[in-house]
Amino acid sequence: MKILITGGTGYIGSTTTEVALAEKYEVHVLTRSEKKAKELKEIGVSPLVGDLLKDGEWINKMKDFEYIIHLAAPPTWGKKVTKKVAENYKVNHFNMTKSLLDVLKESKKLKKLVYVAGTSYLGDAGTEEKVNESFRSEAKGWGPYIKPSVDCLQDYKKEGLPIVTAFPGMVYGPDSWLSQLILTPLFENKKLTNLKGTNPIMAPIHIEDCARAFLHLLQAGEMLEDYILVDNECIPSESFSNFAGEVLNKEVRRRYVPEWLCHLFIGPVLTDYAKVNSNFSNEKLKSTNFEFKYPTYKEGIPNVIQLWLEKKG
């Protein structure tokens, strides 16, 4: 199957690209970077150079694809997320979404688009029973800043675009937030930093399973439906990092910082996200016969740590 992945060189996108190659898909990736395009060619990917926020050759070529996974988003990782940064993100995220969908409206070939959102859009799920795709509360963390994009999907669905919307939970792998916030401090015998007075429930999913789920939904996902992508076990966030400490054989020590200090150093958006309970169910995903390679963090964390240690050399 020939597929296009937008954002296929990012944190989740690069793993999605790798998994798609391993599963023998014919993989094309939209990238803004000529350097990234060269690197993609070297691993057997056909790059499509273009920017969703600019006109270009990509517009006509996009219309030739039957199957697309849309992961592209404005870059933010590593920055202090101020309100200004978040508002810019919202505008650009929405414009990228509209640009892509307006092009695909004119496609006569598109059979399915997996649009990747996030559970922050769904809001705080509480701490009682797991909730499903019908749940909605006030969007939290990044949620308010992807909300205009996700909300506008309904109009395109009404116009006939074959959209399947994916809502991943906390995607963990050997890079990005897990390395920076948990694995590196533990390895260096430093304290983990936690927001004082909180220990929210998180809904993790191994990055490889997340990528596999995207590809699975290209074939098994029902048109116009929403799917939450999380593994089988939601867990308090401190228990998650405690288990990482066990696997690394490191003592877990913590420092608890007040909310005002978190606002100062990481900004209000990420502080808000750090308080959200993500108590979500994966029953709808499993009803499509998706099988997890890493059903819970107990299987996934040892694999991720092994990969992380190998990268460290």
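Here, the structure is the one placed above.
Residues numbered from 1 in each chain as written. Predicted model: local features only at pLDDT ≥ 70, side-chain atom pairs only at ≥ 80, totals over all residues. Heavy atoms only, no water.

A. A look at the pattern of salt bridges. Counted by the stated rule, this structure contains 18 salt bridges. Of the charged contacts in the structure, one is a salt bridge between Lys105 and Glu159, with a shortest N-O distance of 3.5 Å. Remark: Glu159 occurs in the loop between α5 (143-158) and β6 (163-168) and Lys105 occurs in the loop between α4 (83-104) and β5 (112-116); sequence separation between them is 54 residues. Residue Glu159 is classed as exposed on the basis of its relative accessible area of 52%. Each member of the salt-bridge network shares a partner with another, and the members are Arg136, Lys157 and Asp226. (Salt bridge = Lys/Arg side-chain N within 4 Å of Asp/Glu carboxyl O. Helix = DSSP H or I, 4+ residues; strand = E, 2+ residues; numbered from the N terminus. Buried < 20%, exposed > 50% of the residue type's maximum accessible area, 1.4 Å probe, protein only.)

B. Examining the packing of aromatic side chains more closely. Counting across every chain of the model gives nine aromatic pairs. Between Tyr89 and Trp142 the ring centres are 4.6 Å apart and the planes differ by 45°, which places this aromatic pair in the tilted class. Taken as a pair, Tyr89 in helix α4 and Trp142 in the loop between β5 and α5 lie far apart in primary sequence, 53 residues in all. Three or more aromatic residues joined by ring pairs form one cluster here, namely Tyr172, Trp177, Phe240, Phe243 and Tyr297. In this arrangement the basic side chain of Lys250 is found over the ring face of Phe187, its NZ or CZ atom lying 5.6 Å from the centre. Lys284 extends its terminal NZ or CZ atom over the ring of Tyr227, reaching a point 5.0 Å from the ring centre. (Phe/Tyr/Trp six-rings, centres within 6.5 Å; stacked < 30°, edge-to-face > 60°. Lys NZ or Arg CZ within 6 Å of the ring centre and 35° of its normal.)

C. Structural context of the environment of Arg254. Looking at where Arg254 falls in the secondary structure, it is placed in strand β13 (residues 254-257). Within the local environment of Arg254, its side chain forms a polar contact with the side chain of Asn242, the two groups lying 2.7 Å apart. (Polar contact = N/O pair within 3.5 Å; in protein donor to acceptor, adjacent residues only side chain to side chain.)

D. Summary view of the sheet that holds strand β11 (residues 226-229). On the basis of which strands lie adjacent, the open sheet formed by seven strands has the order β3-β2-β1-β4-β5-β6-β11 and parallel pairing. Each edge of the sheet is formed by a strand with only one pairing partner; in this case those strands are β3 (46-49) and β11. Averaged over all neighbouring strand pairs, the angle between strand axes comes to 20°, with direction disregarded. Pairing of strand β1 (residues 2-6) with strand β2 (residues 26-31) involves five bridges; the strand directions are parallel. (Pairing = 2+ DSSP bridges. Axes fitted to C-alpha atoms, helices over the stretch in contact; angles between N-to-C directions.)

E. Spotlight on the packing of helix α8 (residues 237-248) against helix α12 (residues 297-312). Contact geometry of α8 with α12 gives a least axis separation of 10 Å together with a crossing angle of 55°. Judged by the inter-axis angle, α8 sits oblique to α12. Both α8 and α12 take part in a crossing whose hand is right-handed. Counting all contacts with α8, which are made through Phe240, Phe243, Ala244, Val247 and Leu248, the residues of α12 involved are Tyr297, Lys298, Ile301, Pro302, Ile305, Trp308 and Leu309. (Parallel < 35°, antiparallel > 145°, perpendicular 65-115°, else oblique. Left-handed = near helix turned anticlockwise from the far one by under 90°. Contact = heavy atoms within 4.5 Å.)

F. Here's a closer look at the packing of helix α6 (residues 176-187) against α8. The contact between α6 and α8 brings their axes to 10 Å, and the two run at 50°. As the angle between them shows, α6 and α8 are arranged oblique. Note that α6 runs across α8; the crossing there is right-handed. Contacts between α6 and α8 involve Trp177, Leu178, Ile182, Leu183 and Leu186 from the first element and Phe240, Ser241, Ala244, Gly245 and Leu248 from the second.

G. A look at unusual backbone geometry. Its identity is not glycine, yet Ser176 carries a phi of approximately 60°, on the positive side. The backbone of Leu224 sits at a positive phi, close to 70°, despite the residue not being glycine. Relative to the elements of secondary structure, Leu224 occurs in the loop between α7 (207-220) and β11.

H. Broad picture of α5. Compared with an ideal rise of 1.5 Å per residue, which puts 16 residues at 22 Å, α5 spans 23 Å between its outermost C-alpha atoms and is within 8% of the ideal. Along α5, the residues that are buried comprise Gly143, Tyr145, Ile146, Ser149, Val150, Cys152, Leu153, Tyr156 and Lys157. Tucked into the core, α5 has its buried residues touching α4, β5, β6, β11 and α10 (268-273). Two residues or fewer past α5, Gly160 is found with a positive phi of approximately 105°. (Expected span 1.5 Å × (residues − 1).)

I. Structural context of α12. Taking 1.5 Å per residue as the helical rise, α12 with its 16 residues ought to reach 22 Å, and the 21 Å between its terminal C-alpha atoms agrees with that figure. Buried residues of α12: Tyr297, Gly300, Ile301, Asn303, Val304, Ile305 and Trp308, and no others. Those residues of α12 hidden inside the fold are in contact with β7 (170-172), α6, β10 (204-206), β12 (235-236) and α8. At the N-terminal boundary of α12, the capping side chain belongs to Thr296, with an oxygen 3.1 Å from the backbone nitrogen of Lys298. Positive backbone phi, at 80°, marks Gly313, one or two positions downstream of α12.

Everything listed is a geometric property; what it means functionally is a separate question.
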